Amino acid sequence: MRFFCIIFLISCIYSYQGELVSYELLESYDINEVQAILNNDFGPAAPQVLYDVSMYKVTYNTIDPFGNESIASGVIAFPENQEQAFPVVSWQHGTEVKRDNVSSNNGFNSLSFWLASTGYIFLEPDYLGLGASDILHPYCLKDPSAWTTIDLIRAAKSFFVLDDEIQFNNDVILFGYSEGGYVTMAAHMTIEQEQLNEFNFLASFPMAGPYSLSGSMVDVMLSFQPYGEPFYLPYVLVPYIDYYEMGTLEEYFLPEYALMFEYLFNGDYSASEINSYLPDIPITIMLPEVIEEFTNDSTHPLRLHLEENDLWNWTPQNDMHMYHGIGDELIPYENSQIAYDAFIDNGSENIDLYLVDEA
C-alpha cells in the first residue's frame, strides 16, 4: 500500500511528465568484476573501481511531438553505497535507428561501468521511437528530445524515493555525442527557458551535434557530394514530414525511396542495412522539383521547420562545454562554431568550445 501511495503523490507533483511507470533490474556487478572489465577495455588507463554497481531499466511518461502523453524507456545505473549521496550524469547517446540497440536492452557498457563504479548515478534515455517506445523516432526535433531527457531525470528521482538505499545529492550534469550532443543542448535550453528548478543543473557537455540544421546541415545535404551515412537525410525528413503534417513521402522522395521509407524507419532495421538501399549522394533520393523549390524558397515549410529546431540562437546561462572534431565530415564542426559565436554575441559568459583534430 505504501508503494502505491508514494507513486500517487509523485504523480500529483509532476502530472504525467516524468512519472515512473515501471522498473526492473537488468544487471549487477561487484567491484572485482567491474575492475576486470574496465582493465580489459582500457588497459593502464582504466579507473580504480570504487563501488559495486547495478543497472535498472525504467519506463516513464513523457510527451510526443504533438504534446501528447507517451511512454519512454531508459536506464539508471548507480554505485551500491548507502553512506554517500551521488550526482546524476545523464548521457545522451548518438544516432541509432534499430529499436532494440539501446542500453535498456543491452545493459552496461564501458561508459556506464566507468561512471557508476567511480561515484556517479548514470542515466541514459533510449529516446522516443527506441527501446520501449514504438512511435516514429522524432530525430532532431528539439522539444521531444529535451523532454525525454528531462523526464528521465524526474523518473529517476521517483525511483530514488522508492529505493531508499540510493542517495541523490540533486546535482545534474548532461553530456552526449552526435544526436546526443543535439539532445543535450536541447535539454539544457529547455531547463533554462522553462526555469526548471527541480534539481541543481550544473553544466552540459554537448559534443558534435547538428545544432545548425537549417544552415550547416542543409549545406552539406545540398552539396551533391558523397556522404558517409546516407540514411541521415531521410532519417531527418521522414519524421519532419510526418510530425509537421507536410504531406506524403511521395511528394518529397523518388517513388522507389518513398515506398522504402514507409517501413525502413520502423525500428527493425540497422543504419548499415538502410544505407545498403541508398545512393552515396543522399540528395539524389529527392524529387528534383523539391530540391529546386527548397533551394530557391526561403519560406519553404521544411526550411522553416528546420529553423524552428535549430539550437544556436539563444543565450545559455549555465556552464556549457562544447566539443567538436575539425575533421568531422558527417556533422561539420561549423555547427558548434556557429552556436558558440551566437552564444557569445548574445551575452553568454560560461561557454567553451574545444575543436579537436580527431573527427
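Keep in mind the model is a prediction, meaning the values are calculated, not measured.

Asks: Break down the packing of aromatic side chains for me, with residues and values.
Replies: As enumerated under the stated definition, the model contains 27 aromatic pairs in all. Each ring, one from Tyr29 and one from Phe108, has its centre 5.8 Å from the other, and the planes form 80°; the classification is edge-to-face. Taken together, the residues span a long stretch of sequence, with Tyr29 in strand 1 (residues 20-29) and Phe108 in the loop between helix 3 (103-106) and helix 4 (110-117) at a distance of 79 residues. With a relative accessible area of 10%, Phe108 lands in the buried category. Put simply, the rings of Tyr139, Tyr227, Phe231, Tyr232, Tyr235, Phe253, Tyr257, Phe261 and Phe265 touch in pairs and so form one group of aromatic residues. Above the face of the Phe294 ring, Arg303 is positioned so that its terminal group lies 4.2 Å from the ring centre.

Asks: Before we move on, could you go through the pairing of strand 4 (residues 86-92) and cite the residues and values that matter?
Replies: Taken across its seven residues, strand 4 has seven buried, putting it largely inside the fold. Sheet analysis places strand 4 next to strand 6 (residues 168-177), joined by six bridges and oriented parallel. Each residue of the ladder has a partner; that of Ser90, found in strand 6, is Leu174.

Asks: Can you explain the layout of surface pockets? Please cite residues and give values.
Replies: Empty space within the largest pocket amounts to approximately 180 Å³. In terms of lining, the largest pocket is formed by Leu136, Val238, Ile241, Asp242, Gly247, Leu249, Phe261, Glu262, Phe265 and Asn266. A breakdown of the residues in the lining of the largest pocket according to their chemical character gives six nonpolar, two polar and two charged.

Asks: Quick rundown of helix 5 (residues 142-162)? Include the residues and the values.
Replies: End to end, helix 5 covers 31 Å across 21 residues, agreeing with the expected 30 Å (1.5 Å per residue, within 8%). Among the 21 residues of helix 5, 19 are classified as buried, and the element is accordingly described as predominantly covered.

Asks: Can you break down the confidence of the model for the chain residue by residue, with the values?
Replies: Of all residues in the chain, 95% have pLDDT values of 70 or greater, and the mean over the chain is 94. Low pLDDT (under 50) marks residues 1-14, which in the prediction has twelve contacts with non-local residues, meaning those over four places away or in another chain.

Asks: Which residues make up a nonpolar patch on the surface, and what values go with them?
Replies: There is a patch of nonpolar side chains on the surface, built from Tyr323, Tyr354 and Val356 and spanning about 230 Å² of accessible area. Locating Val356 in the fold gives a position in strand 9 (residues 351-356). Among the residues examined, Val356 registers a relative accessible area of 33% and is labelled partly exposed.

Asks: Explain the pattern of salt bridges residue by residue, including any values.
Replies: This model, assessed by the stated rule, comprises two salt bridges. The shortest N-O distance in the salt bridge between Asp151 and Arg154 comes to 3.0 Å. With Asp151 and Arg154 both in helix 5 and three residues apart, this pair spans about one turn of that helix. For Asp151, a relative accessible area of 0% gives the class buried. Across the pair Glu198 and Arg154 runs a salt bridge, and its minimum N-O distance is 2.8 Å. Taken together, the residues Glu198 in the loop between helix 6 (179-193) and strand 7 (200-207) and Arg154 in helix 5 connect sequence positions 44 residues apart. Judged on exposure class, the residue Glu198 and its partner Arg154 are both buried. Several salt bridges converge on common partners, so that one network encompasses Asp151, Arg154 and Glu198.

Asks: Give a description of unusual backbone geometry that names residues and reports values.
Replies: Backbone geometry at Tyr127 places phi at a positive 85°, although glycine is not the residue there. Inspection of the secondary structure assignment puts Tyr127 in the loop between strand 5 (121-125) and helix 5. Accessibility expressed as a relative area gives 2% for Tyr127, which makes it buried. The residue Ser178 is not glycine, and still its phi comes out positive at about 60°. Its place among the elements puts Ser178 in the loop between strand 6 and helix 6.

Asks: Tell me about the packing of helix 8 (residues 232-243) against helix 12 (residues 301-308), and please be specific about residues and values.
Replies: Two numbers describe how helix 8 lies on helix 12: the axes approach to 11 Å, and their chain directions differ by 100°. With respect to each other, helix 8 and helix 12 are oriented roughly perpendicular. Of the residues in helix 12, those touching helix 8 at Val236, Leu237 and Tyr240 are Leu302, His305 and Leu306. Grouping the amino acids of the contact of helix 8 with helix 12 by side-chain chemistry returns five nonpolar, one polar and no charged.

What counts as what
- Residues numbered from 1 in each chain as written.
- Predicted model: local features only at pLDDT ≥ 70, side-chain atom pairs only at ≥ 80, totals over all residues.
- Heavy atoms only, no water.
- Phe/Tyr/Trp six-rings, centres within 6.5 Å; stacked < 30°, edge-to-face > 60°.
- Helix = DSSP H or I, 4+ residues; strand = E, 2+ residues; numbered from the N terminus.
- Buried < 20%, exposed > 50% of the residue type's maximum accessible area, 1.4 Å probe, protein only.
- Lys NZ or Arg CZ within 6 Å of the ring centre and 35° of its normal.
- Pairing = 2+ DSSP bridges.
- 1 Å grid on protein atoms, 1.4 Å probe; cavity = no way out; pocket = protein on both sides within 12 Å on 5 of 7 lines; lining within 4 Å.
- Points joined across faces, edges and corners; volume = space filled by probe spheres on them.
- Nonpolar A, V, L, I, M, F, W, Y, C, P; charged D, E, K, R; others polar.
- Expected span 1.5 Å × (residues − 1).
- pLDDT = per-residue confidence, 0-100.
- Contact = heavy atoms within 4.5 Å.
- Patch = residues over 30% accessible without salt bridge, like charges linked within 9 Å, V, L, I, M, F, W, Y side chains within 5 Å.
- Areas by Shrake-Rupley, 256 points an atom, 1.4 Å probe, with all protein chains shown as cover.
- Salt bridge = Lys/Arg side-chain N within 4 Å of Asp/Glu carboxyl O.
- Axes fitted to C-alpha atoms, helices over the stretch in contact; angles between N-to-C directions.
- Parallel < 35°, antiparallel > 145°, perpendicular 65-115°, else oblique.

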